Amino acid sequence: AYVVAEPCIKCKYTDCVEVCPVDCFYEGQNFLVIHPDECIDCGACEPACPTKAIFPEESLPEKWKEYTGLNADLCKTWPNITEKKDPLPDADKFKDVEGKRGDLVM
Ligand code: SF4
Ligand code: F3S
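The text that follows walks through the structure, step by step, so that each part is easy to find. (Residues numbered from 1 in each chain as written. Chains lettered and ligands numbered in written order. Predicted model: local features only at pLDDT ≥ 70, side-chain atom pairs only at ≥ 80, totals over all residues. Heavy atoms only, no water.)

## A short note on the site of ligand 2
- Residues in contact with ligand 2, as listed here, are Val4, Cys8, Lys12, Tyr13, Thr14, Asp15, Cys16, Leu32, Cys49, Pro50, Thr51 and Ile54.
- Put simply, ligand 2 lies in the largest cavity.
- Broken down by class, the residue content of the shell around ligand 2 amounts to eight nonpolar, two polar and two charged. (Near = heavy atom within 4 Å. 1 Å grid on protein atoms, 1.4 Å probe; cavity = no way out; pocket = protein on both sides within 12 Å on 5 of 7 lines; lining within 4 Å. Sits in = over half its atoms within 2 Å of the grid points. Nonpolar A, V, L, I, M, F, W, Y, C, P; charged D, E, K, R; others polar.)

## Quick notes on the environment of Cys42
- Tracing the chain through its elements places Cys42 in the loop between strand S3 (32-34) and helix H2 (45-48).
- A relative accessible area of 45% means that Cys42 is categorised as partly exposed.
- Along the chain, Cys42 and Thr68 lie 26 residues apart, while their C-alpha atoms are 17 Å from each other. (Helix = DSSP H or I, 4+ residues; strand = E, 2+ residues; numbered from the N terminus. Buried < 20%, exposed > 50% of the residue type's maximum accessible area, 1.4 Å probe, protein only.)

## Considerations on the site of ligand 1
- If you check the shell around ligand 1, you find Tyr2, Cys20, Pro21, Val22, Cys24, Phe25, Ile34, Cys39, Ile40, Cys42, Gly43 and Cys45 and nothing else.
- In this structure, ligand 1 is accommodated by the second largest cavity.
- For the shell around ligand 1, the per-class residue count stands at eleven nonpolar, one polar and no charged.

## Considering unusual backbone geometry
- One non-glycine residue, Lys12, lies in the positive phi region at around 50°.
- Mapped onto the elements, Lys12 comes out in the loop between strand S1 (2-4) and helix H1 (15-19).
- With phi around 60°, Asp41 is a residue other than glycine that occupies positive phi space.
- Structurally, the position occupied by Asp41 is in the loop between S3 and H2.
- Note on Asp41: relative accessible area 44%, which makes it partly exposed.

This is the structure:
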């Protein structure tokens, strides 16, 4: 499955939601996750994300390995999101900032 990693935090552009053919994104306050059992590995979301937050699980950078588990866990309780919406207000400011893990609202 594909995995959403740290760059999405505090941005949430949701372009990924618009292109996913199976609506397998789930929404938190400042992050989205992919349901690993619903993702069909089509790859459409990866190039659509302005922050480059989405990776196939097998090529997730080492520093973001924990996001595989975070996606699998958080998708169980967060609501499904099926339509694109406005990004978070400071998305452009936080787009290229690293070290946002501590800001993730779970
Ligand atoms: Fe959806 Fe395809 Fe991305 Fe999986 S890889 S989350 S099916 S757009
Ligand atoms: Fe997040 Fe990128 Fe989607 S910022 S909401 S993974 S388009």
